[in-house]
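# Topology and contacts: notes
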Amino acid sequence: MPDQPKRQRPRGGRRQPPGEENQLFRHIVSSMRNGVLAVHRDGTLALMNDEAYRIFSLTARPDDIGQPFSEVLRTRADIVRVLTAAFELKHLPNRAELRLKELDRVIGYTLSLVRDDAADTVGAVMFFKDLTRVEQLEERERLRNRLASLGEMAAGIAHELKNPLAGIEVMAGLLRRHVSDKLDAQSILADIISEAKLANAIVVEMLEFVRPIRLEIEPMAITDVLHQAVTLAESKTSRGGVSVTVTVPEGLPSIEADDHRLCQVFTNLIANAFEALDGKGAISITAVLSAMEPDPAFAGTPQEPTPILVVDVADNGPGVPAELSDRIFDPFFTTKTKGTGLGLGIVRKIVDAHDGRIDLSSSPENGTRFRVTLPVSSATALFK
Ligand SMILES: Nc1ncnc2c1ncn2[C@@H]1O[C@H](COP(=O)(O)OP(=O)(O)OP(=O)(O)O)[C@@H](O)[C@H]1O
Ligand SMILES: [Mg+2]
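About the criteria used
Residues numbered from 1 in each chain as written. Chains lettered and ligands numbered in written order. Predicted model: local features only at pLDDT ≥ 70, side-chain atom pairs only at ≥ 80, totals over all residues. Heavy atoms only, no water. Pairing = 2+ DSSP bridges. Helix = DSSP H or I, 4+ residues; strand = E, 2+ residues; numbered from the N terminus. Axes fitted to C-alpha atoms, helices over the stretch in contact; angles between N-to-C directions. Contact = heavy atoms within 4.5 Å. Parallel < 35°, antiparallel > 145°, perpendicular 65-115°, else oblique. Left-handed = near helix turned anticlockwise from the far one by under 90°. Nonpolar A, V, L, I, M, F, W, Y, C, P; charged D, E, K, R; others polar. Buried < 20%, exposed > 50% of the residue type's maximum accessible area, 1.4 Å probe, protein only. Phe/Tyr/Trp six-rings, centres within 6.5 Å; stacked < 30°, edge-to-face > 60°. Salt bridge = Lys/Arg side-chain N within 4 Å of Asp/Glu carboxyl O. Patch = residues over 30% accessible without salt bridge, like charges linked within 9 Å, V, L, I, M, F, W, Y side chains within 5 Å. Areas by Shrake-Rupley, 256 points an atom, 1.4 Å probe, with all protein chains shown as cover.

### Quick notes on the pairing of strand E9 (residues 282-292)
Pairing of strand E7 (residues 243-247) with E9 involves five bridges; the strand directions are parallel. Directly across from Thr247, in E9, lies its bridge partner Thr286. Inspection of the sheet shows E9 paired to strand E10 (residues 306-315) by ten bridges, in the antiparallel sense. Each bridged residue has a counterpart across the sheet, and for Thr286 the counterpart in E10 is Asp312.

Here you go:
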(Lines give C-alpha, C1' and ligand atoms only; values in the text may rest on other atoms or scores of the structure.)
(Ligands and ions follow the chains in the order given, each with its own letter.)
Protein backbone atom coordinates (compact mmCIF):
# COMPACT_ATOMS: atom_id res chain seq x y z
CA MET A 1 0.00 0.00 0.00
CA PRO A 2 1.48 3.35 -0.94
CA ASP A 3 2.44 5.69 1.87
CA GLN A 4 -0.46 7.90 2.87
CA PRO A 5 0.24 11.37 4.20
CA LYS A 6 -0.91 11.52 7.87
CA ARG A 7 -3.47 14.25 7.27
CA GLN A 8 -5.01 15.05 3.93
CA ARG A 9 -6.03 18.51 2.96
CA PRO A 10 -9.77 18.69 2.22
CA ARG A 11 -10.54 18.67 -1.47
CA GLY A 12 -12.37 21.45 -3.24
CA GLY A 13 -12.42 25.16 -2.52
CA ARG A 14 -9.74 27.62 -3.53
CA ARG A 15 -6.34 26.94 -1.97
CA GLN A 16 -4.73 30.15 -0.90
CA PRO A 17 -1.00 30.75 -1.11
CA PRO A 18 0.64 30.04 2.30
CA GLY A 19 1.35 33.72 3.06
CA GLU A 20 -2.25 34.77 2.48
CA GLU A 21 -3.56 31.83 4.46
CA ASN A 22 -1.36 32.74 7.41
CA GLN A 23 -2.61 36.26 7.28
CA LEU A 24 -6.22 35.08 7.15
CA PHE A 25 -5.67 32.92 10.26
CA ARG A 26 -4.08 35.85 12.05
CA HIS A 27 -7.05 38.05 11.21
CA ILE A 28 -9.53 35.39 12.30
CA VAL A 29 -7.82 35.02 15.66
CA SER A 30 -7.37 38.72 16.27
CA SER A 31 -11.03 39.48 15.41
CA MET A 32 -12.41 36.74 17.63
CA ARG A 33 -14.74 37.82 20.41
CA ASN A 34 -13.16 35.23 22.66
CA GLY A 35 -9.81 35.63 24.30
CA VAL A 36 -7.27 33.35 22.61
CA LEU A 37 -3.87 32.59 24.07
CA ALA A 38 -1.44 29.98 22.70
CA VAL A 39 1.89 28.86 24.08
CA HIS A 40 4.68 26.72 22.67
CA ARG A 41 5.83 23.53 24.38
CA ASP A 42 9.00 25.35 25.49
CA GLY A 43 6.94 27.85 27.49
CA THR A 44 7.11 30.80 25.13
CA LEU A 45 4.11 32.81 24.09
CA ALA A 46 2.93 31.96 20.56
CA LEU A 47 -0.15 34.17 20.29
CA MET A 48 -2.41 36.38 22.35
CA ASN A 49 -5.28 38.27 20.72
CA ASP A 50 -6.64 41.75 21.55
CA GLU A 51 -9.58 40.38 23.51
CA ALA A 52 -7.18 38.40 25.72
CA TYR A 53 -5.18 41.54 26.47
CA ARG A 54 -8.43 43.35 27.26
CA ILE A 55 -9.76 40.67 29.59
CA PHE A 56 -6.44 40.45 31.43
CA SER A 57 -6.12 44.28 31.50
CA LEU A 58 -2.66 44.06 29.98
CA THR A 59 -1.09 46.28 27.35
CA ALA A 60 0.43 44.53 24.33
CA ARG A 61 4.17 45.07 23.86
CA PRO A 62 5.80 44.43 20.49
CA ASP A 63 8.17 41.77 21.83
CA ASP A 64 5.60 39.77 23.87
CA ILE A 65 5.44 36.99 21.28
CA GLY A 66 8.39 34.62 21.81
CA GLN A 67 8.87 35.64 25.47
CA PRO A 68 8.24 33.09 28.23
CA PHE A 69 4.49 33.31 28.92
CA SER A 70 5.22 33.30 32.66
CA GLU A 71 7.06 36.57 32.07
CA VAL A 72 4.39 38.26 29.90
CA LEU A 73 1.64 37.14 32.32
CA ARG A 74 3.64 37.50 35.53
CA THR A 75 0.96 39.75 37.08
CA ARG A 76 -1.72 37.16 36.24
CA ALA A 77 -0.48 34.27 38.34
CA ASP A 78 -3.71 32.22 38.03
CA ILE A 79 -3.41 32.08 34.24
CA VAL A 80 0.26 31.08 34.42
CA ARG A 81 -0.74 28.26 36.77
CA VAL A 82 -3.45 26.98 34.39
CA LEU A 83 -1.18 27.13 31.33
CA THR A 84 1.71 25.45 33.13
CA ALA A 85 -0.57 22.60 34.18
CA ALA A 86 -1.84 22.13 30.61
CA PHE A 87 1.10 19.90 29.65
CA GLU A 88 0.79 17.79 32.78
CA LEU A 89 -2.93 17.15 33.09
CA LYS A 90 -4.48 13.94 31.71
CA HIS A 91 -7.87 15.55 31.08
CA LEU A 92 -7.92 19.16 30.09
CA PRO A 93 -10.88 21.26 31.27
CA ASN A 94 -13.45 21.81 28.56
CA ARG A 95 -15.59 24.36 30.39
CA ALA A 96 -13.95 25.65 33.52
CA GLU A 97 -14.25 28.92 35.38
CA LEU A 98 -11.49 30.90 36.96
CA ARG A 99 -11.65 33.97 39.18
CA LEU A 100 -8.84 36.44 38.50
CA LYS A 101 -8.52 37.75 42.03
CA GLU A 102 -6.39 40.77 41.27
CA LEU A 103 -8.91 41.97 38.64
CA ASP A 104 -12.05 40.74 40.41
CA ARG A 105 -13.05 39.21 37.09
CA VAL A 106 -14.34 35.74 36.21
CA ILE A 107 -13.46 33.95 33.00
CA GLY A 108 -14.87 30.78 31.50
CA TYR A 109 -12.24 28.84 29.56
CA THR A 110 -11.42 25.79 27.48
CA LEU A 111 -7.91 24.42 27.29
CA SER A 112 -6.60 22.25 24.42
CA LEU A 113 -3.24 20.83 23.45
CA VAL A 114 -1.89 21.71 20.02
CA ARG A 115 -0.55 18.69 18.13
CA ASP A 116 1.43 18.68 14.91
CA ASP A 117 1.00 16.33 11.94
CA ALA A 118 2.93 13.65 13.80
CA ALA A 119 0.51 14.03 16.74
CA ASP A 120 3.27 15.38 18.97
CA THR A 121 2.28 18.02 21.48
CA VAL A 122 3.80 21.29 20.36
CA GLY A 123 1.82 23.71 22.48
CA ALA A 124 -1.38 24.55 24.28
CA VAL A 125 -4.18 26.95 23.51
CA MET A 126 -6.70 28.56 25.81
CA PHE A 127 -10.02 30.03 24.64
CA PHE A 128 -11.86 32.15 27.16
CA LYS A 129 -14.63 34.62 27.75
CA ASP A 130 -15.20 37.32 30.33
CA LEU A 131 -18.09 36.09 32.50
CA THR A 132 -18.03 38.94 35.01
CA ARG A 133 -21.22 40.55 33.73
CA VAL A 134 -23.01 37.21 33.62
CA GLU A 135 -21.97 36.70 37.26
CA GLN A 136 -23.27 40.14 38.20
CA LEU A 137 -26.62 39.34 36.61
CA GLU A 138 -26.79 36.05 38.49
CA GLU A 139 -25.98 37.85 41.72
CA ARG A 140 -28.77 40.34 41.02
CA GLU A 141 -31.16 37.47 40.36
CA ARG A 142 -30.16 35.82 43.67
CA LEU A 143 -30.76 39.12 45.46
CA ARG A 144 -34.16 39.44 43.80
CA ASN A 145 -35.12 35.95 44.94
CA ARG A 146 -33.97 36.74 48.45
CA LEU A 147 -36.02 39.92 48.45
CA ALA A 148 -39.00 38.06 47.04
CA SER A 149 -39.02 35.54 49.90
CA LEU A 150 -38.45 38.27 52.49
CA GLY A 151 -41.27 40.19 50.87
CA GLU A 152 -43.62 37.21 51.02
CA MET A 153 -42.92 36.80 54.71
CA ALA A 154 -43.44 40.52 55.29
CA ALA A 155 -46.73 40.43 53.38
CA GLY A 156 -47.94 37.58 55.59
CA ILE A 157 -47.04 39.43 58.77
CA ALA A 158 -48.53 42.69 57.52
CA HIS A 159 -51.76 40.94 56.65
CA GLU A 160 -51.96 39.33 60.11
CA LEU A 161 -51.19 42.64 61.83
CA LYS A 162 -53.74 44.79 60.04
CA ASN A 163 -56.82 43.38 61.83
CA PRO A 164 -55.54 43.39 65.44
CA LEU A 165 -54.22 46.92 64.89
CA ALA A 166 -57.57 48.13 63.63
CA GLY A 167 -59.16 46.36 66.64
CA ILE A 168 -56.87 48.16 69.11
CA GLU A 169 -57.67 51.52 67.55
CA VAL A 170 -61.45 50.95 67.59
CA MET A 171 -61.54 49.56 71.12
CA ALA A 172 -59.33 52.28 72.53
CA GLY A 173 -61.78 54.76 70.98
CA LEU A 174 -64.72 53.01 72.68
CA LEU A 175 -62.95 52.96 76.02
CA ARG A 176 -62.25 56.67 75.72
CA ARG A 177 -66.01 57.32 75.76
CA HIS A 178 -66.37 55.29 78.97
CA VAL A 179 -63.76 57.32 80.80
CA SER A 180 -64.68 60.75 79.51
CA ASP A 181 -64.36 62.19 83.03
CA LYS A 182 -60.83 60.85 83.69
CA LEU A 183 -58.21 63.08 82.06
CA ASP A 184 -55.21 60.76 82.77
CA ALA A 185 -56.91 57.79 81.18
CA GLN A 186 -58.01 59.97 78.23
CA SER A 187 -54.45 60.99 77.48
CA ILE A 188 -53.11 57.41 77.76
CA LEU A 189 -55.81 56.21 75.38
CA ALA A 190 -54.97 59.02 72.95
CA ASP A 191 -51.35 57.76 72.97
CA ILE A 192 -52.50 54.19 72.35
CA ILE A 193 -54.56 55.33 69.37
CA SER A 194 -51.70 57.35 67.85
CA GLU A 195 -49.22 54.47 68.31
CA ALA A 196 -51.66 52.07 66.68
CA LYS A 197 -52.02 54.54 63.77
CA LEU A 198 -48.23 54.67 63.40
CA ALA A 199 -47.98 50.87 63.38
CA ASN A 200 -50.72 50.81 60.76
CA ALA A 201 -48.76 53.29 58.59
CA ILE A 202 -45.74 50.96 58.74
CA VAL A 203 -47.92 48.03 57.69
CA VAL A 204 -49.26 50.04 54.74
CA GLU A 205 -45.70 50.96 53.66
CA MET A 206 -44.67 47.34 53.99
CA LEU A 207 -47.52 46.19 51.78
CA GLU A 208 -46.55 48.83 49.24
CA PHE A 209 -43.06 47.37 49.20
CA VAL A 210 -44.29 43.84 48.74
CA ARG A 211 -46.98 44.43 46.14
CA PRO A 212 -45.87 43.95 42.53
CA ILE A 213 -45.33 47.25 40.73
CA ARG A 214 -47.43 48.15 37.72
CA LEU A 215 -45.70 50.98 35.90
CA GLU A 216 -47.52 53.68 34.00
CA ILE A 217 -44.99 54.43 31.32
CA GLU A 218 -45.06 57.73 29.45
CA PRO A 219 -42.44 60.04 27.98
CA MET A 220 -41.31 62.28 30.82
CA ALA A 221 -38.76 64.99 31.53
CA ILE A 222 -36.29 64.11 34.25
CA THR A 223 -35.72 67.77 35.29
CA ASP A 224 -39.32 68.16 36.53
CA VAL A 225 -39.14 64.89 38.43
CA LEU A 226 -35.90 65.87 40.17
CA HIS A 227 -37.19 69.29 41.27
CA GLN A 228 -40.42 67.77 42.52
CA ALA A 229 -38.47 65.13 44.44
CA VAL A 230 -36.41 67.81 46.21
CA THR A 231 -39.63 69.53 47.35
CA LEU A 232 -41.18 66.26 48.54
CA ALA A 233 -38.02 65.20 50.40
CA GLU A 234 -38.01 68.58 52.16
CA SER A 235 -41.54 68.00 53.34
CA LYS A 236 -40.70 64.48 54.59
CA THR A 237 -37.62 65.41 56.55
CA SER A 238 -35.96 68.62 57.67
CA ARG A 239 -33.46 70.21 55.28
CA GLY A 240 -31.88 72.68 57.72
CA GLY A 241 -28.94 74.51 56.14
CA VAL A 242 -28.22 71.89 53.48
CA SER A 243 -27.58 73.29 49.98
CA VAL A 244 -29.10 71.42 47.02
CA THR A 245 -28.01 71.81 43.40
CA VAL A 246 -29.75 70.17 40.46
CA THR A 247 -27.69 70.10 37.25
CA VAL A 248 -29.36 68.85 34.09
CA PRO A 249 -27.90 69.71 30.67
CA GLU A 250 -30.11 71.43 28.11
CA GLY A 251 -31.83 69.28 25.54
CA LEU A 252 -31.83 66.04 27.49
CA PRO A 253 -34.23 63.66 25.74
CA SER A 254 -37.40 62.65 27.50
CA ILE A 255 -37.36 59.06 28.68
CA GLU A 256 -40.08 56.44 28.78
CA ALA A 257 -40.78 55.95 32.47
CA ASP A 258 -43.33 56.19 35.27
CA ASP A 259 -42.77 59.74 36.54
CA HIS A 260 -44.67 59.18 39.78
CA ARG A 261 -42.55 56.14 40.67
CA LEU A 262 -39.29 57.79 39.64
CA CYS A 263 -40.22 60.77 41.80
CA GLN A 264 -40.57 58.31 44.70
CA VAL A 265 -37.07 56.96 43.92
CA PHE A 266 -35.40 60.38 44.04
CA THR A 267 -37.49 61.56 46.99
CA ASN A 268 -36.27 58.58 49.04
CA LEU A 269 -32.64 59.11 47.98
CA ILE A 270 -32.74 62.85 48.71
CA ALA A 271 -34.53 62.28 52.05
CA ASN A 272 -31.78 59.84 53.04
CA ALA A 273 -29.16 62.42 52.09
CA PHE A 274 -30.91 65.12 54.20
CA GLU A 275 -31.00 62.70 57.13
CA ALA A 276 -27.33 61.76 56.70
CA LEU A 277 -26.31 65.43 56.55
CA ASP A 278 -28.30 66.35 59.64
CA GLY A 279 -28.81 70.00 58.74
CA LYS A 280 -25.43 70.90 57.25
CA GLY A 281 -23.62 70.04 54.02
CA ALA A 282 -24.43 69.81 50.34
CA ILE A 283 -26.40 67.59 47.98
CA SER A 284 -25.63 67.56 44.30
CA ILE A 285 -28.04 66.00 41.84
CA THR A 286 -26.88 65.60 38.24
CA ALA A 287 -28.35 63.95 35.18
CA VAL A 288 -26.40 63.17 32.00
CA LEU A 289 -27.03 61.24 28.85
CA SER A 290 -24.49 58.50 28.28
CA ALA A 291 -24.08 55.25 26.35
CA MET A 292 -23.65 51.74 27.56
CA GLU A 293 -21.12 49.82 25.49
CA PRO A 294 -22.34 46.48 24.16
CA ASP A 295 -21.42 43.68 26.47
CA PRO A 296 -18.61 41.50 25.08
CA ALA A 297 -19.80 38.66 27.32
CA PHE A 298 -22.86 38.29 25.13
CA ALA A 299 -21.89 37.00 21.73
CA GLY A 300 -24.35 36.88 18.87
CA THR A 301 -25.69 39.67 16.74
CA PRO A 302 -23.56 42.82 16.69
CA GLN A 303 -24.82 45.27 19.28
CA GLU A 304 -24.93 49.06 19.24
CA PRO A 305 -24.15 51.13 22.33
CA THR A 306 -27.45 51.77 24.16
CA PRO A 307 -28.34 55.31 25.27
CA ILE A 308 -28.78 55.58 29.03
CA LEU A 309 -29.68 58.31 31.46
CA VAL A 310 -27.37 58.50 34.47
CA VAL A 311 -28.66 60.36 37.52
CA ASP A 312 -26.37 60.86 40.53
CA VAL A 313 -27.58 61.87 43.96
CA ALA A 314 -24.48 62.73 45.97
CA ASP A 315 -24.03 64.14 49.46
CA ASN A 316 -20.92 65.07 51.42
CA GLY A 317 -22.16 63.36 54.57
CA PRO A 318 -20.51 60.64 56.69
CA GLY A 319 -20.85 57.90 54.03
CA VAL A 320 -22.14 54.34 54.41
CA PRO A 321 -19.73 52.13 56.38
CA ALA A 322 -18.22 49.51 54.03
CA GLU A 323 -19.50 46.62 56.14
CA LEU A 324 -23.10 47.87 55.75
CA SER A 325 -23.05 48.60 52.03
CA ASP A 326 -24.36 45.11 51.15
CA ARG A 327 -27.29 45.43 53.52
CA ILE A 328 -28.71 48.90 53.03
CA PHE A 329 -31.04 47.76 50.22
CA ASP A 330 -32.46 44.96 52.35
CA PRO A 331 -35.99 45.63 53.56
CA PHE A 332 -36.13 46.74 57.21
CA PHE A 333 -32.43 47.46 57.37
CA THR A 334 -32.05 50.81 59.08
CA THR A 335 -29.55 52.57 61.32
CA LYS A 336 -32.12 55.20 62.33
CA THR A 337 -34.26 55.11 65.44
CA LYS A 338 -37.32 56.25 63.49
CA GLY A 339 -36.63 54.57 60.14
CA THR A 340 -38.50 51.59 58.75
CA GLY A 341 -35.66 50.63 56.44
CA LEU A 342 -37.92 50.28 53.41
CA GLY A 343 -36.80 53.44 51.56
CA LEU A 344 -33.96 51.91 49.55
CA GLY A 345 -35.81 48.59 49.12
CA ILE A 346 -38.60 50.49 47.35
CA VAL A 347 -36.02 52.47 45.35
CA ARG A 348 -34.38 49.31 44.06
CA LYS A 349 -37.70 47.72 43.25
CA ILE A 350 -38.81 50.69 41.12
CA VAL A 351 -35.44 51.01 39.37
CA ASP A 352 -35.50 47.27 38.61
CA ALA A 353 -39.00 47.56 37.21
CA HIS A 354 -37.63 50.17 34.77
CA ASP A 355 -34.83 47.78 33.72
CA GLY A 356 -32.38 50.19 35.28
CA ARG A 357 -29.77 49.75 37.96
CA ILE A 358 -28.66 51.52 41.10
CA ASP A 359 -25.09 51.61 42.40
CA LEU A 360 -23.65 52.96 45.58
CA SER A 361 -20.23 54.46 46.02
CA SER A 362 -19.37 55.83 49.39
CA SER A 363 -16.46 56.76 51.62
CA PRO A 364 -16.09 58.77 54.83
CA GLU A 365 -14.01 61.38 52.94
CA ASN A 366 -16.27 61.91 49.91
CA GLY A 367 -19.70 61.09 51.28
CA THR A 368 -22.28 59.00 49.47
CA ARG A 369 -23.30 58.81 45.84
CA PHE A 370 -26.22 56.78 44.56
CA ARG A 371 -26.12 56.38 40.78
CA VAL A 372 -29.37 55.50 39.02
CA THR A 373 -28.95 54.31 35.43
CA LEU A 374 -32.06 54.15 33.29
CA PRO A 375 -32.40 52.96 29.71
CA VAL A 376 -33.47 55.54 27.12
CA SER A 377 -35.24 53.90 24.23
CA SER A 378 -33.49 55.00 21.05
CA ALA A 379 -36.80 56.11 19.51
CA THR A 380 -37.39 58.69 22.22
CA ALA A 381 -33.76 59.76 22.10
CA LEU A 382 -34.17 60.60 18.43
CA PHE A 383 -37.65 62.10 18.49
CA LYS A 384 -37.49 64.10 21.66
N1 LIG B 1 -27.02 59.15 51.86
C2 LIG B 1 -26.75 58.27 52.84
N3 LIG B 1 -25.69 58.47 53.66
C4 LIG B 1 -25.41 57.60 54.65
N5 LIG B 1 -26.14 56.49 54.91
C6 LIG B 1 -27.20 56.23 54.14
C7 LIG B 1 -27.57 57.11 53.06
N8 LIG B 1 -28.66 56.60 52.46
C9 LIG B 1 -28.97 55.47 53.13
N10 LIG B 1 -28.11 55.25 54.14
C11 LIG B 1 -28.12 54.11 55.07
O12 LIG B 1 -28.97 53.10 54.55
C13 LIG B 1 -29.95 52.73 55.51
C14 LIG B 1 -31.21 52.26 54.80
O15 LIG B 1 -31.83 53.34 54.12
P16 LIG B 1 -33.38 53.25 53.82
O17 LIG B 1 -33.79 54.49 53.10
O18 LIG B 1 -33.68 51.96 53.17
O19 LIG B 1 -34.05 53.20 55.25
P20 LIG B 1 -34.14 54.38 56.32
O21 LIG B 1 -33.82 55.69 55.69
O22 LIG B 1 -33.31 53.97 57.48
O23 LIG B 1 -35.66 54.29 56.72
P24 LIG B 1 -36.92 54.77 55.80
O25 LIG B 1 -36.40 55.28 54.51
O26 LIG B 1 -37.74 53.54 55.63
O27 LIG B 1 -37.58 55.80 56.60
C28 LIG B 1 -30.12 53.96 56.38
O29 LIG B 1 -30.65 53.64 57.65
C30 LIG B 1 -28.69 54.49 56.44
O31 LIG B 1 -27.93 53.79 57.40
MG1 LIG C 1 -34.76 56.27 53.92
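### Focus on the sheet that holds strand E4 (residues 105-115)
An order of E2-E1-E5-E4-E3 is seen for the five strands of this open sheet, with the pairing classed as antiparallel. Strands with a single pairing partner mark the edges of an open sheet, and in this sheet they are strand E2 (45-48) and strand E3 (96-100). Neighbouring strand axes in the sheet, compared pairwise and without regard to direction, differ in orientation by 25 degrees on average. Note that E3 and E4 share five bridges and pair antiparallel. Within E4, the position partnered with Ala96 by the bridge is Tyr109. Sheet strands touched by helix H4 (residues 77-86): strand E1 (35-40), E3, E4 and strand E5 (121-130). Its angle to E3, the strand with the most contacts, is close to 145 degrees.

### Examining the packing of helix H7 (residues 222-236) against helix H8 (residues 259-277)
Where H7 contacts H8, the two axes come as close as 8 Å, and the packing angle between them is 50 degrees. One element, H7, and the other, H8, form an angle in the oblique class. The two elements H7 and H8 meet at a crossing, and its hand is right-handed. Mapping the contact onto sequence places Ile222, Val225, Leu226, Gln228, Ala229, Val230, Leu232, Ala233, Glu234 and Lys236 in H7 and Asp259, Leu262, Cys263, Phe266, Thr267, Asn268, Ile270, Ala271 and Phe274 in H8. When its residues are assigned to classes, the contact of H7 with H8 shows 13 nonpolar, three polar and three charged.

### Focus on the side chain of Arg76
Note that Arg76 resides in the loop between helix H3 (69-72) and H4. Its relative accessible area of 9% is what places Arg76 among the buried residues.

### As for the packing of aromatic side chains
Following the criterion strictly, the structure yields two aromatic pairs and no others. On the numbers, 4.9 Å between centres and 10 degrees between planes, the contact of Phe56 with Phe128 is stacked. A residue pair is termed long-range when its members are at least 10 positions apart, and Phe56 in the loop between helix H2 (50-55) and H3 and Phe128 in strand E5 qualify at 72 residues. In this structure Phe56 comes out as buried when scored by relative accessible area, which is 0%.

### Some points on the pattern of salt bridges
All told, the structure shown has 14 salt bridges when counted by the stated rule. Arg239 is the partner of Glu234 in a salt bridge, and the nearest nitrogen-oxygen pair spans 2.3 Å. Overall, Arg239 belongs to the partly exposed group, its relative accessible area being 27%. Two residues, Arg357 and Asp359, come together in a salt bridge whose shortest N-O distance is 2.7 Å. Look at Arg357 and you get partly exposed, because its relative accessible area is 33%.

### A closer look at a nonpolar patch on the surface
Together, Leu24, Phe25 and Ile28 line one region of the surface with nonpolar side chains, adding up to about 280 Å² of accessible area. Inspection of the secondary structure puts Phe25 in helix H1 (residues 18-31). Since its relative accessible area comes to 47%, Phe25 is described here as partly exposed.

Just distances and angles here, no functional claims.
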